[in-house]
Amino acid sequence: MPEPKVASFPAIRGALKFYQIASIITGVMLLLLVAEMVLKYTPIHLELFAGGSGGPLWFAPVVEGPEGLDSTGDGFNLSLGILVAHGWFYVVYLFACFRMWSLMRWPLLRLALLALGGVIPLLSFIMETIVARDVKSYLATREAAEAPAPAPEGVR
């Protein structure tokens, strides 16, 4: 597998920072989504709302209707907002994964594992730690190998 060029190291550092931010945001949004789904689809049957008749932040019951579960709340449905926000952040996360993968010239399997970080709870946090460690270590090793050797003592 070809290695990244030294000239691309600044771009790799930028892509790593972008990936780290995207993976943390996506991981948090996924955890919120899981909590929302547990509240809605277990016997608890609640959805979170902002504003409306229940006050600034409140839970409304979800009832079984002819076409599935129906919300009884009014105001802004935060549960739906979390779902939509996670979907959009996942797209940004996939872009960050692709950029990191392409700059580092990793195998395709690694891209698939990175992409799973946005759909398997907690995996984005684990992958962010692993990727940051691997990339920083790789860059330090390559930069040390590429650095010119110091001149011997007494030679100027």
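Structural data are supplied above this passage.
Owing to the predicted nature of the structure, the values given are computational and were not obtained by experimental measurement.

Novice: Provide a residue-level description of the packing of helix α2 (residues 78-104) against helix α4 (residues 123-146), including the pertinent values.
Specialist: One can describe the packing of α2 onto α4 by two numbers: an axis separation of 13 Å at closest approach and a directional angle of 25°. Classified by the angle their axes make, α2 and α4 are roughly parallel. Crossing angle aside, the handedness with which α2 passes α4 is left-handed. Across from Y93, M100 and M104 in α2, the residues of α4 making contact are S124, V131, V135 and Y138.

Novice: Mind laying out the pairing of strand β2 (residues 57-65), listing which residues take part and the relevant values?
Specialist: Bridging between strand β1 (residues 46-50) and β2 involves five bridges; their strand directions are antiparallel. Within β2, the position partnered with L48 by the bridge is F59. In sequence, β1 turns back onto β2 through a hairpin of six residues, with G51 there showing a positive phi of about 75°. Sheet analysis places β2 next to strand β3 (residues 68-71), joined by four bridges and oriented antiparallel. Paired with V63 across the strands is D70, a residue of β3. Between the antiparallel neighbours β2 and β3 lie two residues.

Novice: Quick rundown of unusual backbone geometry? Include the residues and the values.
Specialist: The phi dihedral of R105 is positive, around 60°, even though this residue is not glycine. When you line up the elements, R105 lands in the loop between α2 and α3 (108-116). On the accessibility criterion, R105 (30% relative accessible area) is partly exposed.

Criteria and thresholds
- Residues numbered from 1 in each chain as written.
- Predicted model: local features only at pLDDT ≥ 70, side-chain atom pairs only at ≥ 80, totals over all residues.
- Heavy atoms only, no water.
- Axes fitted to C-alpha atoms, helices over the stretch in contact; angles between N-to-C directions.
- Helix = DSSP H or I, 4+ residues; strand = E, 2+ residues; numbered from the N terminus.
- Parallel < 35°, antiparallel > 145°, perpendicular 65-115°, else oblique.
- Left-handed = near helix turned anticlockwise from the far one by under 90°.
- Contact = heavy atoms within 4.5 Å.
- Pairing = 2+ DSSP bridges.
- Buried < 20%, exposed > 50% of the residue type's maximum accessible area, 1.4 Å probe, protein only.

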